[in-house]
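Architecture and fold: a report
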Amino acid sequence: MLRLDCLRSIYSELERCLVITIMGAVAAELQSLGHRPNFFYLQHAMGLASSTGLGLALCLPDQKVIVFDGDGSLLMNLGGLSTMARYRPKNLVHVVFDNESLLSVGGFPTATGTGTDLDGIARSAGVPRVSTVRSVESFTAAVKDAIHGNELTTIIAKVEAKGPSAFVTDLALLENRFQFRRHIQSLKRA
Amino acid sequence: MPVSLASSKVIYEGLKECDVRLVSALPETWLVHLIRMTDEDPEMILVRLAKEEEGVGVSAGAHFAGVKSAMLMQNHGFLASINGIVSFAHLYKIPLLMLISYRGSLGERDPWQTQGGNVTEPVLRALRIPYFFLDAPETAKKLIRQAQTLAESSMQPVALLLTRDLMWED
């Protein structure tokens, strides 16, 4: 299963969500499908995409928030999983693309390649709904279900360690950040 | 416990008066009253963290949502947050109001706090984070308001160091 195919399969669902991604391949691939003002790409601070999604979801309970995380990033902030589970906002969907590697820095294997089970960790942390998916069809179904559902959900998507040829895009970090906040403020006024 | 309830109350009121509506925190002795006050206030969102660096992300999310926030932590928690501060708050110009209990300084009895006390200000200076001392209840509210204003206008982290004189009643 390719991450790009997963993202493509639910791209139209993202229109009504606030989307936060980690750096590297996930950010570049989502942008390659078409940037939108409701997408924020955290191009560093590994581990904090999920914490950002938590802050956003707690402050905007009527807004669906979806975080695209990765195994390397999540392993850097496993404690954050327990914080998310503690508050379990109903409007937060946490997708983890697990390619068992730190792809963006040369494909070094992470611990999920040697047995660490993020699905089990998320369950044990207290996330009320957790699933692991291995096909685009099951990914699409799980994400749609979570977006339209009403419970904090973590979805572990096992994907191949393949990514785009380049990670830098022409969207400046600050441009993205200001556009994202302005978009959210416009939703609040509407 | 000789943590000053009166000073904690003044600090809490200061945060409320500048419209802070979300507080992230990791417990430490000097902060117990502040965390309890936040927890008991239905107008406030309290996010109890596993590690302080998460608070940078939580505050960034709050900022995107248009909600003012504050981070309550010990100076060792500040040290544990540095990458988040640099590669999120600085990189993306996120305002952070950081209230940091200044352990390991004058009068510290706990040996384990002392190394953190040595490096807190040098690290704040190295990161070019403006920092000020909250050391008297009379000036605390004004300083909190001014620090919050500066964080918002400069779109960067601003630190308030909570001193022993303010937080502890020997």
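Throughout what follows, the structure given in this document is the object of discussion. This is a predicted model, so every value here is computed, not measured. (Residues numbered from 1 in each chain as written. Chains lettered and ligands numbered in written order. Predicted model: local features only at pLDDT ≥ 70, side-chain atom pairs only at ≥ 80, totals over all residues. Heavy atoms only, no water.)

Digging into the packing of aromatic side chains
How we decide: Classification of ring pairs uses Phe, Tyr and Trp, with its six-membered ring standing for Trp, and accepts pairs whose centres are within 6.5 Å; under 30 degrees between planes counts as stacked, over 60 as edge-to-face, and the remaining range as tilted. Secondary structure is summarised from DSSP: a helix means a run of H or I of at least four residues, a strand means a run of E of at least two, and numbering begins at the N terminus for each. Only protein chains enter the accessibility calculation, which uses a 1.4 Å probe; a residue is then buried when its area is under 20% of its type maximum, exposed when over 50%, and partly exposed in between. Each ring is checked for a lysine NZ or an arginine CZ that lies within 6 Å of its centre and within 35 degrees of its normal; such an atom marks a charge sitting over the ring.
Throughout the structure, instances matching the rule amount to 11 aromatic pairs over all chains. Aromatic pair A:Phe97 and A:Phe139: ring centres 5.7 Å apart, planes at 25°, arrangement stacked. In this pair, A:Phe97 sits in strand E4 (residues 92–98) while A:Phe139 sits in helix H7 (residues 136–148), placing the two residues 42 residues apart along the sequence. We classify A:Phe97 as buried; its relative accessible area is 2%. Residue A:Phe139 is classed as buried on the basis of its relative accessible area, which comes to 0%. On the basis of an interplanar angle of 85° and a centroid distance of 5.1 Å, the ring pair of A:Phe180 and B:Phe64 is categorised as edge-to-face. Of this pair, A:Phe180 sits in helix H8 (residues 173–189) while B:Phe64 is found in helix H3 (residues 54–65), placing the two residues in two different chains. By the burial criterion, A:Phe180 is buried, and B:Phe64 matches it. Chaining the aromatic ring pairs together yields one cluster made of A:Phe40, A:Phe180, B:Phe64, B:Phe88 and B:Tyr92. Positioned above the aromatic ring of A:Tyr11 is the side chain of A:Arg36, whose terminal nitrogen or guanidinium carbon lies 4.2 Å from the ring centre.

Quick notes on the interface of chain A and chain B
Note the following rule: We call two residues in contact whenever any of their non-hydrogen atoms come within 4.5 Å of each other. In short, buried area is how much 1.4 Å probe accessible area vanishes from two parts on joining, totalled over both. The salt bridge criterion pairs a side-chain nitrogen of Lys or Arg with a carboxyl oxygen of Asp or Glu, the two atoms within 4 Å. Identification of polar contacts relies on pairs of N or O atoms within 3.5 Å, with a donor-acceptor requirement for protein atoms, meaning one able to donate a hydrogen and the other able to accept it, and with residues adjacent in sequence counted only if both atoms are side-chain atoms. Under the grouping applied here, Gly and all other residues not named as nonpolar or charged are polar, the nonpolar ones being Ala, Val, Leu, Ile, Met, Phe, Trp, Tyr, Cys and Pro and the charged ones Asp, Glu, Lys and Arg.
Taken together, the contacts link 32 residues of chain A with 30 residues of chain B. Summed over both partners, the interface of chain A with chain B buries about 2,400 Å², with 67% contributed by carbon and sulfur atoms. On the chain A side of the interface with chain B, the three residues burying the most area are A:Leu48, A:Cys59 and A:Arg177, jointly 22% of the side's total. Remark: the boundary between chain A and chain B carries zero salt bridges. On inspection of chain A and its partner chain B, the count reaches 13 residue pairs in polar contact (both at pLDDT 80 or more). When contributions to the side of chain A that touches chain B are tallied by element, the ones reaching two or more residues are strand E2 (39–41), helix H3 (48–59), helix H5 (78–87) and H8 of chain A. Ranked by residues supplied to the side of chain A that touches chain B, first place goes to H8(A) with nine residues. A per-class count over the side of chain A that touches chain B returns 17 nonpolar, 11 polar and four charged.

A word on the sheet that holds strand E5 (residues 131–134) of chain B
All names here are of chain B. Just so we agree on the cut-off: Two strands are said to pair when DSSP picks up at least two bridges between them. Fitted lines through C-alpha atoms serve as axes, helices being fitted only where they are in contact, and the angles separating the N-to-C directions of these axes extend from 0 to 180 degrees.
In space, the six strands of this open sheet follow the order E2-E1-E3-E4-E6-E5, with parallel pairing throughout. This sheet does not close on itself; its edge strands, each paired only once, are strand E2 (45–48) and E5. Across the sheet, the axes of successive neighbouring strands diverge by a mean angle of 25°, strand direction being ignored. Pairing geometry for strand E4 (residues 96–101) and strand E6 (residues 157–162), over six bridges, is parallel. Following the sheet pairing, Met 98 is matched in E6 by Ala 159.

Brief notes about the side chain of A:Gln31
Residue and element names in this part refer to chain A. You can see Gln 31 is positioned in helix H2 (residues 25–33). Assessed through its relative accessible area of 13%, Gln 31 is described here as buried. Not counting the four nearest positions on each side in its chain, Gln 31 is found in contact with Tyr 41, Gln 43, Thr 169 and Leu 171.

A few points about helix H6 (residues 118–125) of chain A
An α-helix turns once per 3.6 residues; consequently, residues spaced three or four apart project the same way. All names here are of chain A. Looking at H6, one finds that the buried residues are Leu 118, Asp 119, Gly 120 and Ala 122. Regarding H6, its N-cap is Asp 117, as a side-chain oxygen of that residue lies 3.2 Å from the backbone nitrogen of Asp 119 further along. Backbone geometry just after H6 places Gly 126 at a positive phi near 110°.

Looking at the pattern of salt bridges
When charged atoms on two side chains of opposite charge get close, those side chains can pair. Summed over the entire model, instances satisfying the criterion amount to 21 salt bridges over all chains. A:Glu15 serves as the salt-bridge partner of A:Arg36, at 3.8 Å between the closest nitrogen and oxygen. Highlighted residues: A:Arg36 in the loop between H2 and E2 and A:Glu15 in the loop between helix H1 (3–10) and strand E1 (18–21), separated in sequence by 21 residues. Between B:Glu40 and B:Arg36 there is a salt bridge, with its nearest N and O atoms 3.6 Å apart. Taken together, the positions of B:Glu40 and B:Arg36, both in helix H2 (residues 32–40) and four residues apart, correspond to about one turn of that helix. The structure contains a network of salt bridges with shared partners spanning B:Glu28, B:Arg103, B:Glu108, B:Asp110 and B:Arg164.

Focus on the pairing of strand E3 (residues 68–74) of chain B
Residues and elements named next belong to chain B. Where burial is concerned, most of E3 is hidden: six out of the seven residues are buried. Pairing of strand E1 (residues 20–25) with E3 involves five bridges; the strand directions are parallel. Within E3, the position partnered with Val 20 by the bridge is Lys 68. When E3 meets E4, the two strands line up parallel, connected through four bridges. Among the inter-strand pairings, Gln 74 is bridged to a residue of E4, identified as Ser 101.

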